[in-house]
Amino acid sequence: MRISTKGRYGVASMICLVQDSKLGDPVTILSISERLGISKIYLEQVFSLLKRANLLVSTKGSQGGYRLSMPPDKITLERILRATEAGLFEPTERSVSADASSIDSAMEEKVWNPLDQVISDTLKSMTLAELVTDVEKRQRGNDFMYFI
């Protein structure tokens, strides 16, 4: 499975948004792009998709930026990727000619449909809050200082 940069940047930027908005202030795309080392212009495209999917709300003005539209424990990875990855959730197309439809049906029933279901179930079971918790745990784990 291959997730595009829009999908990966979408997930990463949503994690940053949660971490940076702990005080409730809107977070700017510029601050996220600098933190992640991502082009601001490209990130604006990603945020446009996330906003269109009702995952973000924006505030205009000098104190403006973005906030989540709902708590992070209500946002699944499936929703983020569905917003940013148009082709990821499309059904698998037929592979062979109509003359070999039994082959295609067997592949669909035994391979493609179960794979699609496992991927969907996995993404629906993971929330943004769980990812943020894991990221913060890893960051704390890197804060140890060793003296020799």
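Numbers given to residues run from 1 along each chain, matching the order in which its sequence is written. Thresholds applied to this predicted model are a pLDDT of at least 70 for local features of residues and 80 or more for the giving and counting of side-chain atom pairs; totals over whole chains, interfaces and linings are not thresholded and use all residues. Computation of side-chain values: all heavy atoms of the structure, hydrogens and water removed.

Caption draft 1: Highlighting the nonpolar core. Here, nonpolar core means buried Ala, Val, Leu, Ile, Met, Phe, Trp, Tyr and Cys residues that are tied together by side-chain atoms lying within 4.5 Å of each other. Three exposure classes are used, based on accessible area relative to the maximum for each residue type with a 1.4 Å probe and protein chains only: buried under 20%, partly exposed in between, and exposed over 50%. Within the largest apolar cluster, 27 residues are counted, with the highest numbers of intra-cluster contacts made by M14, F47, L50, L56, L68, I80 and L128. In this text, helices come from DSSP runs of H or I with a minimum length of four residues, and strands from runs of E with a minimum of two, each type numbered from the N-terminal end. Breaking this core down by element, the ones donating at least two residues are α1 (5-20), α2 (29-36), α3 (40-52), β2 (65-68), α4 (77-84) and α6 (128-141). Considering every element that reaches this core, the biggest residue donor is α1, with six residues. The residues contacting M14, other than those within four sequence positions of it, are L50, L55, L56, L68, I75, I80 and L128. Contacts are assigned to residue pairs that have any heavy atoms within 4.5 Å of one another.

Caption draft 2: How the structure looks around unusual backbone geometry. At N54, a position not held by glycine, the phi torsion is positive, near 60°. With respect to the helices and strands, N54 occurs in the loop between α3 and β1 (56-59).

Caption draft 3: Fine view of the pattern of salt bridges. By definition, a salt bridge exists where a carboxyl oxygen of Asp or Glu is found within 4 Å of a side-chain nitrogen of Lys or Arg. Under the counting rule described, the total for this entry stands at five salt bridges. Residues D134 and K137 are paired through a salt bridge, measuring 3.9 Å at the closest nitrogen-oxygen approach. In this pair, D134 and K137 are both assigned in helix α6, three residues apart and thus about one turn of the helix distant. Overall, the relative accessible area of 26% leaves D134 in the partly exposed class.

Caption draft 4: Region of interest: the packing of aromatic side chains. Any two of the Phe, Tyr and Trp rings considered here, Trp counted by its six-membered ring, make a pair once their centres fall within 6.5 Å; the pair's planes then place it as stacked at under 30 degrees, edge-to-face at over 60, or tilted in between. Across all of its chains, the model carries two aromatic pairs by this definition. Their ring planes at 85° and their centres at 5.6 Å tell us that Y9 and Y42 sit as a pair that is edge-to-face. With Y9 in helix α1 and Y42 in helix α3, this pair connects stretches of sequence that are 33 residues apart. Classification of Y9 by relative accessible area gives partly exposed; the value is 26%. Between F47 and Y66, the aromatic rings sit 4.9 Å apart at their centres with planes inclined by 75°, giving edge-to-face as the arrangement. With F47 in helix α3 and Y66 in strand β2, this residue pair connects regions lying 19 residues apart in the sequence. Classification of F47 by relative accessible area gives buried; the value is 0%. For Y66, a relative accessible area of 17% corresponds to the buried category.

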